[in-house]
Amino acid sequence: MLHHLSIKELIASLTEKKLSSEELFSYYQERIQKYNPELNAFISVNESFLDKDSMIGTKLKGIPIAHKDIFCMKGHLTTCGSKMLANFKSPYDATIIARLASAGALTLGKTNMDEFAMGSSNETSFFGPCKNPWNLKLVPGGSSGGSASAVAARLAPIATATDTGGSIRQPAAFCGVTGLKPTYGMISRFGMIAFASSLDQAGFIAPSAEDIAIFYDLASGYDPKDSTSINDQVTYTTKNLDHKPNALTIGIAKSSLDKHADPHILNAIKQTVNQFEKMGAKIIEIDLKNSQLNVPTYYIIAPAEASSNLSRFDGVRYGHRSEESQSLQSLYANTRSEGFGDEVKRRILLGSYVLSAGFYDAYYIKALRVRRLIANDYKEAFKKVDLILSPTTPNLPFAIGEKSNDPISMYHNDAYTIGANLAGLPAISFPIGFHNGLPIGGHFVAQHLREDLLLNTVNLFQKETDFHQQMPQEFDR
Ligand code: GLN
């Protein structure tokens, strides 16, 4: 079955002309038609195959991809999961979309997500919750829940996603797939609708590290259109993917094992440690002493930046506009009251508050200081270790509706993932086991620009294990 093939195998079949790009595209479109009504993983679908075979880029040869609906795509709906942009068609392409298209990727559609990427369950989407293919009553995680669900059910061989505090890795863990959040600045943010600009990072979700490496190498690298894009040598991750490192030291923070994590998840981490020891790695204990401050620090900085970024949605230039208004003031107020959902409003209120004159020093400036302490802890740790291992999430996928009235408990889903965003470090989530038929994710953080080591290490792990190859039976037809 075509949906069992890796990206590498698909490229080989396309190159040897055993398969045409049109056949492959239709195959995935049929899967989307068949399964998306149950999953709600796509907000819009790009049904037409543009038969410009001679124009299809030579590197990817027509591999289909799904894009998170946060990336602007010329002439296509780009909703960001919000009523505010429900009818917005972008006049230009995000850099990641343009680069992949010119390398030969064909867009299958745009995936569901939490509104403006705010959430951990995909329930804040204006287009309704996306479902977890392992159990349709459960959330797929968020905010890139649509991308993770689509890949887990193999409605796409790979998908783009974004991560501000965990939105690539947490849904990847909940859906039993692999998700890479690169170093801040490694993939251009141009054309990616901003949530919290100092934390936002684009990346990929796919079944394996090998699949991601192929796309990461094509999408990453300097972009003059993004002022925070890293202008540095790109390490081609595909080069050393199978290379066995001489000595690998993995650190585990004690704090990460007593964060009230589910015992089944901790047990899977133990097995993973054994596996890496068997593969020759050395495991040592490290101290990330400020890690208990990750969640509170993030929930000052991210809303502060969001409140500023989202001020552009005012009904004047684009997006939803209220019909009800008599004055400019009421146009702003009505447009924003109607266009934004509750979680987005909560973040704007919180962000405006922590940036307001009387509270700026007490909250925002203090959070920036703590952010520095958190980053320094990682710096210290990386003097002793190459990678830091933890669970991706403290809990297994939860039921739709279970946490929607409890924002604080929802925010704690990202307890393990947020640190990498605050420090700008690359990180990956990868499948390490199952409990009661539900997937469990393991999480590595590496030093800046070491996505090659992340992908290499997870690739070697995936050569020894088959968790990443398993898929929900119901969708394996
Ligand atoms: N769950 C976190 C939040 O709600 C992270 C979201 C993200 O990474 N985009 O802000």
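Residues numbered from 1 in each chain as written. Predicted model: local features only at pLDDT ≥ 70, side-chain atom pairs only at ≥ 80, totals over all residues. Heavy atoms only, no water.

Colleague: Got a sec to walk through the site of the ligand? Specific residues and values, please.
Modeller: Around the ligand, 15 residues are found, and the nearest of them are Thr164, Gly165, Ser167, Tyr298 and Asp414. Here a nitrogen atom of the ligand and a side-chain polar atom of Asp414 are 2.5 Å apart. Cavity membership is defined here by more than half of the atoms lying within 2 Å of grid points; on that basis the ligand lies in the second largest cavity. (Near = heavy atom within 4 Å. Polar contact = N/O pair within 3.5 Å; in protein donor to acceptor, adjacent residues only side chain to side chain. 1 Å grid on protein atoms, 1.4 Å probe; cavity = no way out; pocket = protein on both sides within 12 Å on 5 of 7 lines; lining within 4 Å. Sits in = over half its atoms within 2 Å of the grid points.)

Colleague: Break down a nonpolar patch on the surface for me, citing the residues and quoting the values.
Modeller: On the surface, a nonpolar cluster with roughly 280 Å² of combined accessible area is contributed by Tyr353, Phe359 and Tyr363. Within the fold, Tyr353 resides in helix H11 (residues 342-355). A relative accessible area of 39% places Tyr353 in the partly exposed class. (Patch = residues over 30% accessible without salt bridge, like charges linked within 9 Å, V, L, I, M, F, W, Y side chains within 5 Å. Areas by Shrake-Rupley, 256 points an atom, 1.4 Å probe, with all protein chains shown as cover. Salt bridge = Lys/Arg side-chain N within 4 Å of Asp/Glu carboxyl O. Helix = DSSP H or I, 4+ residues; strand = E, 2+ residues; numbered from the N terminus. Buried < 20%, exposed > 50% of the residue type's maximum accessible area, 1.4 Å probe, protein only.)

Colleague: How would you sum up the side chain of Ser149? Please name residues and give values.
Modeller: Looking at the secondary structure, you find Ser149 in helix H4 (residues 145-152). Those residues in contact with Ser149 that sit more than four places away from it in its chain are Leu39, Ala41, Cys130, Lys131, Pro133, Pro140 and Cys175. (Contact = heavy atoms within 4.5 Å.)

Colleague: Quick one: what's the story with the packing of aromatic side chains, residue by residue and with numbers?
Modeller: Tallied over the full model, the rule gives 23 aromatic pairs. With a centroid separation of 5.8 Å and 85° between ring planes, the pair formed by Phe174 and Phe398 is classed as edge-to-face. Here Phe398 lies in the loop between strand S9 (387-391) and helix H13 (407-411) and Phe174 lies in helix H5 (residues 169-175), a separation of 224 residues in the sequence. With relative accessibility at 1%, the residue Phe174 sits in the buried group. Centroid distance Tyr299 to Tyr411: 3.8 Å. Interplanar angle 10°. Geometry classified as stacked. Linking Tyr299 in helix H9 (residues 294-309) with Tyr411 in helix H13, this pair joins segments that are 112 residues apart in sequence. Considered together, Tyr299 and Tyr411 belong to a single accessibility category, that of buried residues. (Phe/Tyr/Trp six-rings, centres within 6.5 Å; stacked < 30°, edge-to-face > 60°.)

Colleague: Before we move on, can you summarise unusual backbone geometry with the specific residues and values?
Modeller: Looking along the chain, the bond that leaves Gly142 and enters Ser143 is cis, with omega of 5°. Backbone geometry at Asn40 places phi at a positive 55°, although glycine is not the residue there. Turning to its location among the elements, Asn40 is positioned in the loop between helix H2 (21-39) and strand S1 (42-45). Of note in this structure, Arg154 is not a glycine but carries a positive phi near 55°. Note that Arg154 resides in the loop between H4 and strand S4 (159-163).

Colleague: So what's going on with the environment of Pro245? Which residues, and what values?
Modeller: Summarising the element assignment, Pro245 is placed in the loop between helix H6 (209-219) and strand S7 (249-253). Once residues lying within four places of it in the same chain are set aside, the contact partners of Pro245 are Asn456 and Leu460.

Colleague: Go over the pattern of salt bridges, please, and point to the residues and values.
Modeller: Taken as a whole, this structure holds 12 salt bridges when the rule is applied. Glu343 is the salt-bridge partner of Arg347, the closest N and O atoms lying 2.7 Å from each other. Here Glu343 and Arg347 lie together in helix H11, a separation of 4 residues that amounts to about one turn. Like Arg347, the residue Glu343 is buried in the burial classification. In this structure, a network of salt bridges that share partners links the residues Glu343, Arg346 and Arg347.

Colleague: Requested: an account of empty space enclosed by the protein, with residues and values cited.
Modeller: Once rolled over the atoms, a probe with the size of a water molecule shows which space is left empty. Counted under the stated rule, the structure contains 4 cavities of 30 Å³ or more. The volume enclosed by the largest cavity comes to roughly 130 Å³. Among the secondary structure elements, those contributing two or more residues to the lining of the largest cavity are helix H7 (254-257), S9 and strand S11 (438-446). Of the residues forming the lining of the largest cavity, the biggest block, 3 residues, is contributed by S9. In terms of residue class, the lining of the largest cavity is made up of 8 nonpolar, 6 polar and 1 charged. Its boundaries defined by the atoms lining it, the second largest cavity holds a volume of some 80 Å³. As for the second largest cavity, its lining consists of Ala117, Gly119, Ser120, Thr164, Gly165, Gly166, Ser167, Phe195, Tyr298, Tyr299, Arg347 and Asp414. (Points joined across faces, edges and corners; volume = space filled by probe spheres on them. Nonpolar A, V, L, I, M, F, W, Y, C, P; charged D, E, K, R; others polar.)

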